[in-house]
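Fold and contact review
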Amino acid sequence: FVLLPLPFCGATSARWLPSGGGCDFGPVSMSARKAVGEPPYWTSDEATGSGLQSRTPLDLQQYKVYHSDGSTGTGSVGSHTEEGHMARLAKDSAGAEEHEREKCDAEGRWQNTQELKAHWPGAEEEDDQEIEDSRQGHLQDDAFDAFGGFGNGSWASIDGTKKPATATPDTTRKARGQADGRKRRTEFWLNQRIVAMSKSGEGSSPGSMVMKLLDFADKHHQSMNGMNFATTFHRIAKMTAAASPATRHQVLKDPRFQRLRGVLEAAIRQAAEGMEPDPSSPPGQNWVLEEPWLLSIIVWAYATLRVLPDRGVVNVAAVVIATHIHRFKPFEASNVLWGFAKMHIQHPVLFTAGAEAVIECPSKFSKQCLSIIAWAFATVRLRHAALLQAIADEMAKNRWECKSQEISNTLWAFATLSRPAPTLFRELGQEALQKLSTFKAQELSNTIWAFAVVGSRVPQLFRAAAEAAIQISNTLEPQNIANLLWAFAKMRLRCSSVGHLLRIALKQLYNFKPQEISSTLWAIAKLQMEDRECAEDNPWQLQAREMFLRDSVYFCSEVQQAVLHRLGTFSPQALANSVWACVQTGTLTAAFLQGVCVAAMSCVSEFEPLSLCNLLNGIGTYFSYGAVAPDGIELCLAHKIICEAHNRIAIFRPQELVKLVQVVTDLVPLGWPELMTLLEAVHQLARKKHLKFTLPQLGELVHSLALLGVKAPQLYQIFGERVLRNTTLLRAKERMGLMLALHVISADPEVGLCRQSRAACWDTQSLGFQVSDDVAQ
């Protein structure tokens, strides 16, 4: 020890200041400490370089001995010998470096935890006051180091002058720990500054804030660690997402942003050299392996920016995350899966590891995390039965904890993956019914759409959802309206609110995309067909049906005029569905049909079998009205469709074969040889695969072929035998259809069973009065 006389406030005192520990005695005033820049309270963790964590007021009446681990003791000057101090220093400094690293890592991870949560609805932002306090604490640390306190590796006097100390192994190791502590303190302060800068510009444009942050990162990149780089990348992505497309393009092309991406991707590539951290490398050198949870921030940022990394970077990141998934917090794991799904990257290793983490303990995942994971698996179309079952059980068991977005995302995911889960849909459906007032437009439409896809018919929920949609009509998007109408048509449900939805759709008609237009037209046609089959005599119901019919006809007419100039943007399925819907509603116009034919001529080979049938149906209907010119483009397209159908007849399903024969009936007068060749091909295929047809389907096919004069005695014989075996299993209306078919083909002398089959079908007691109109016809 070196004894230095220190005059304070007229009193003579002495103070010893060794590196890493020390003692203090004598009455020393607070004002004197402030005068020389010393903090009013001593920082017990200063020897290891950490921030202002715990402070003990100085005892001004007797000296205290301050050790590097923060402990204190009292005693006389003689008892505090150099040997005793060095022994304590040797004991404490061994774990000082590791203690500091763990402490700063914990602080940094907490900070980034708040950052990663920020993109979730309702997540709280970091407290500005905490950031300011941390900055002030860092400035005090710097002032104390400048004064010559702990962390400078030398003896110091009160006036700041330094005297060289004799180097020993203990002091050298301690100096390294102190240097590392200062470095990590700087890195943590940088992270706080990055967050503060991204928030200090509130009210400014996101573009200017991003540029300032890029300047700061480019200036301090040599002092930044993995946590700093990841936080910067995350903040840039968050602000760019709220900026205009032009600003986003400018940021992505900025050289400073490219350098930031290069640093991150280089660190990820370096992790491919070994899947475990190298203990011999300096701390922070392999931060991807030391702190793999930072990848959750990076993946989220890439997905938010809609930027796809290099394939090699993606593979390495996925393998590292899958290897260390047990070290991730639940929301970090769910955000990684969300990011990969958002980028449409289906990485089986990563998704399997994520599924196993959920299955191991689903209760530790919040309902928000579970809904995000389910959404991610559905987005990449990856079915994992055990995972979906675990999510369904956990969500159904605690359904009252689910918010509207979590209900919507979960049900949408299960419907997309064709996973009915009756218990889940029943429980979440009841919860949704109670919370419909909190649902946003997208959440409402996705929920109803999911119930329709799995075939879960809940009229009370559907009608309440339609009324709720009208209440928030100003926020309804065209996709929301199309999904709601499609769901009602799929479930064959009618209510007065459907007409209101059509009127809302009419106001946004020019904002509808082609798929949304065709889906809405299809739903209108289906609902009209349901109305025609309904036999309700209630005056109120009849009035509501008339209003819906008027609204739907007007909507279909307006749609055909509005989309004429953009039919070229329609997909083949959208073209075919639109034509079919207009035929069913009786609103098909010559101009719309001609526009569809022009758009379809160049892509006939891209049409599905059912779409080919729908197009032929529209052309045949107009041809039967005499509204199609013999040399018009409509008949040219019809001829091309018939040839295409003949070439692909083997992939037609039974119902599509039946429809194909029915729609070409109107075109038979044209006498095309290709048409008769197609009908013969249908006959041969049906004879070979008759067991795949239901009896009503086979009856419809036989009836149509017989009316067209197709000679198919073997197929008729097969049909008669199946009728005799299954007559008692048929409903009355199906029997009438078979009667018509048998009546047509019974004139053929080669078919002996048909008269007997017709007699078996003719059972007046089983037919009853409900089909009396069909009998009369």
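The structure contained in this document is the topic of the report that follows. Note that the coordinates shown come from a computational prediction; the quantities given were computed from them, not determined experimentally.

Thresholds, definitions, all that
Residues numbered from 1 in each chain as written. Predicted model: local features only at pLDDT ≥ 70, side-chain atom pairs only at ≥ 80, totals over all residues. Heavy atoms only, no water. Phe/Tyr/Trp six-rings, centres within 6.5 Å; stacked < 30°, edge-to-face > 60°. Helix = DSSP H or I, 4+ residues; strand = E, 2+ residues; numbered from the N terminus. Buried < 20%, exposed > 50% of the residue type's maximum accessible area, 1.4 Å probe, protein only. Axes fitted to C-alpha atoms, helices over the stretch in contact; angles between N-to-C directions. Parallel < 35°, antiparallel > 145°, perpendicular 65-115°, else oblique. Left-handed = near helix turned anticlockwise from the far one by under 90°. Contact = heavy atoms within 4.5 Å. Nonpolar A, V, L, I, M, F, W, Y, C, P; charged D, E, K, R; others polar. Disulfide = S-S within 2.5 Å. Expected span 1.5 Å × (residues − 1).

Within this structure, the stated rule accounts for seven aromatic pairs. Between the aromatic rings of Phe 233 and Phe 257, the centroid separation amounts to 5.8 Å while the plane-to-plane angle is 25°, which identifies the pairing as stacked. A residue pair is termed long-range when its members are at least 10 positions apart, and Phe 233 in helix H7 (residues 226–241) and Phe 257 in helix H9 (residues 255–270) qualify at 24 residues. The burial state of Phe 233 is the same as that of Phe 257; both residues are buried. Consider the rings of Trp 300 and Trp 338, whose centres lie 6.5 Å apart with planes at 25°: the pair is stacked.

With that settled, the discussion passes to the packing of H7 against helix H11 (residues 294–305). One can describe the packing of H7 onto H11 by two numbers: an axis separation of 9 Å at closest approach and a directional angle of 25°. Comparing the axis directions of H7 and H11 gives the class roughly parallel. Of the two elements, H7 crosses H11, and the hand of that crossing is left-handed. Between H7 and H11, the contacting residues are Gly 226, Met 227, Ala 230, Phe 233, His 234, Ala 237, Lys 238, Thr 240 and Ala 241 on the first element and Leu 294, Ile 297, Ile 298, Trp 300, Ala 301, Tyr 302, Thr 304 and Leu 305 on the second. A class-by-class count of the residues in the contact of H7 with H11 yields 12 nonpolar, four polar and one charged.

What follows covers the state of the cysteines. Counting across every chain of the model gives zero disulfides. Cysteine Cys 582 remains unbridged, with the sulfur of Cys 556 as its closest cysteine sulfur at 5.5 Å. Classification of Cys 582 by relative accessible area gives buried; the value is 0%.

A separate point is helix H18 (residues 422–434). The terminal C-alpha atoms of H18 lie 19 Å apart, and with 13 residues this matches the ideal 18 Å at 1.5 Å per residue to within 8%. Tucked inside the fold, the buried residues of H18 contact helix H16 (385–397), helix H17 (404–416), helix H19 (441–453) and helix H20 (459–471).

Let us now look at unusual backbone geometry. In this model, Ala 421 sits at a positive phi of 50°, which is unusual for a non-glycine residue. Mapped onto the elements, Ala 421 comes out in the loop between H17 and H18.

Time to look at the environment of Cys 582. Considering the arrangement of structural elements, one finds Cys 582 in helix H25 (residues 572–585). Between the C-alpha atoms of Cys 582 and Leu 521, which are 61 residues apart in sequence, the distance is 7.4 Å. Ignoring anything within four residues of it in the chain, the contact list for Cys 582 reads Gln 560, Thr 587, Leu 588 and Phe 592.

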